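# Chains, contacts and geometry: an overview
Residues per chain, in single letters:
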Amino acid sequence: MSFSCHNVKLYSPEYVDGRLLPGDQYLISSHLSDCEACTAYFEQVSALRGTVRRLAASPIPQDLQTKLRVMASRERASVEATRGSRWCAVWDKWRFRLNALMRPLALPATGGLLSSILLFGTFILTIGTTTRIVSYEVPLNAYKAEANLVPVELGSHTVILTMSFDGTGRMADYAMADPTCKYSADLKAQPSSISMPSMPTVFAVAQPISGDIQIKFLPLAFRQ
Amino acid sequence: MTDEDARLLRGLRAGIESAYEELLARYQQPVYNVTYRLLGDESDACDVVQEVFLKVFRSVGAFRERSSLKTWIYRIAVNEAHNHRRWFSRHRKREVSIEQEPDRQHTYDLTADSGPSPFDYALDRETRLLIEQALTEVSPVFRTAVVLRDLEDLSYEEIAEILQVSLGTVKSRILRGREALRRALSQRLESGLEAAFI
């Protein structure tokens, strides 16, 4: 039986490490005596192995040795503290496993928690304001059938209605500019004179601001 | 499990101080060597060594003694090194240390004159650097087998136990690891010679 060059190379680790059986050792040696390429390969591998084995071990740093001694001392103290208590030992074992399991998740979990706090902190004011606006009371008497509604006659001139709103969305005042001075009023005198539209959807999502709204009523002329 | 290991284990489980000291004295240098060769970085190796011994101290009570203490500790070291490399290769690029690289050559200055000549030191240093650089180019799976066999001088059976693979797989990994190392070194030497002649 003889080996091919490919098979001989497969045996190189055991040959170089001296682990081959005498029979296999003889067959490999006889192949090597006839094959220069394999001989060169085995010499290279053998020389490389010798050089790697001679690599100097890196001395362990002094501060690492100190840390290891401190760690050993702590662990020994914990062993002494739990000695005789089987439940403490079991608890320690599971706590250690849980700690090792959770350690890779600690950083992402902390980041997620902080992001959530930041996000809710930003929107919490909006949520509170929205709740307050939803409970806003629209004057009920504005829709009562018996409300004393006074029609404004436009005639041939323009009427300007100015409404003032406070910061909570309530209408604080209104005024109607009528060039002919036929009609003028304020909210306190005639609270039922203005019909307030009910817009709960808008109030639920919108942020009220204070300010004035001016509506201009223009007369329309139709040619007959 | 030898009698020596059994005695050491009893001491560790009983919290005897000398047992802890003996464990560190026996295994801190080999564990550091393996992790340093597998990771190629001193600070990473220091972190992993601490993790390894923390696991050893805390798991020694649960060690079922199916393997020797030596292969058990080596197995933890190899697994921790691989986990560390996988985790940090995803989450961290190479960082530049602000600390000065310790000059290992400096220890040669303190040795007696009766040793090898400065030329031998220079040659030895160059060879060591070449091999260390070539080792980093070998795939971690094969590098582990070569490091355990050629640097730690462990037997094939011990390596199989540490890596939890068959004896045939160990032989294959050593073969492929040495072959990869040989190729990496040849390429480095050829490129070095080309650079010298240009």
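Given the structure is predicted, the values throughout are model-derived calculations rather than measurements.

Time to look at the interface of chain B and chain A. Each side of the interface is counted separately: chain B has 32 residues, and chain A has 34 residues. Top element by residues in the side of chain B that touches chain A is helix H2 (residues 17-39) of chain B. It accounts for 8 residues. Of the residues assigned to the side of chain B that touches chain A, the class counts are 18 nonpolar, 7 polar and 7 charged.

Our focus in this paragraph is the nonpolar core. Grouped together as the largest cluster of nonpolar side chains are 59 residues, with contacts concentrated most on Val31(B), Val34(B), Val49(B), Val52(B), Ile73(B), Ala77(B) and Ile159(B). Beyond its immediate sequence surroundings of up to four residues, Val52(B) is in contact with Val31(B), Ile76(B), Ala77(B) and Glu80(B).

So, on to the environment of Asp44(B). Residue and element names in this part refer to chain B. Examined against the element boundaries, Asp 44 turns out to sit in helix H3 (residues 42-59). Its 18 C-beta neighbours within 10 Å are what place Asp 44 among the partly exposed residues. Measuring from C-alpha to C-alpha, the distance between Asp 44 and Ala 81 comes to 8.7 Å, with 37 residues separating the pair along the chain. Beyond its immediate sequence surroundings of up to four residues, Asp 44 is in contact with Leu 39 and His 84.

The subject of this paragraph is the sheet that holds strand E3 (residues 211-217) of chain A. All names here are of chain A. Taken in spatial order, the 3 strands line up as E2-E1-E3 in an open sheet, and their pairing is antiparallel. Both outer strands of the open sheet, strand E2 (171-177) and E3, are each paired with one neighbouring strand and no more. Strand after strand, the sheet turns through a mean of 15° between neighbouring axes, direction not considered. Of the strand pairs in this sheet, strand E1 (residues 159-165) and E2 are connected by 6 bridges, and their pairing is antiparallel. When the bridges of E2 are listed, Met 163 appears paired with Tyr 174.

Glancing now at the packing of H2(B) against H3(B). Residue and element names in this part refer to chain B. It is the contact of H2 with H3, at a shortest axis distance of 9 Å, that shows an interaxial angle of 135°. The angle between the axes of H2 and H3 places the two elements in the oblique class. Crossing geometry of H2 relative to H3 is assigned as right-handed. Contact with H2, carried on its side by Val 31, Tyr 32, Thr 35, Tyr 36 and Leu 39, involves Glu 42, Asp 44, Ala 45, Val 48, Val 49 and Val 52 of H3 and no other residues of that element. A class-by-class count of the residues in the contact of H2 with H3 yields 8 nonpolar, 1 polar and 2 charged.

Thresholds, definitions, all that
- Residues numbered from 1 in each chain as written.
- Chains lettered and ligands numbered in written order.
- Predicted model: local features only at pLDDT ≥ 70, side-chain atom pairs only at ≥ 80, totals over all residues.
- Contact = placed C-beta atoms within 7 Å.
- Helix = DSSP H or I, 4+ residues; strand = E, 2+ residues; numbered from the N terminus.
- Nonpolar A, V, L, I, M, F, W, Y, C, P; charged D, E, K, R; others polar.
- Core = buried A, V, L, I, M, F, W, Y, C linked by C-beta atoms within 7 Å.
- Buried ≥ 20, exposed ≤ 12 C-beta atoms within 10 Å, placed from the backbone.
- Pairing = 2+ DSSP bridges.
- Axes fitted to C-alpha atoms, helices over the stretch in contact; angles between N-to-C directions.
- Parallel < 35°, antiparallel > 145°, perpendicular 65-115°, else oblique.
- Left-handed = near helix turned anticlockwise from the far one by under 90°.

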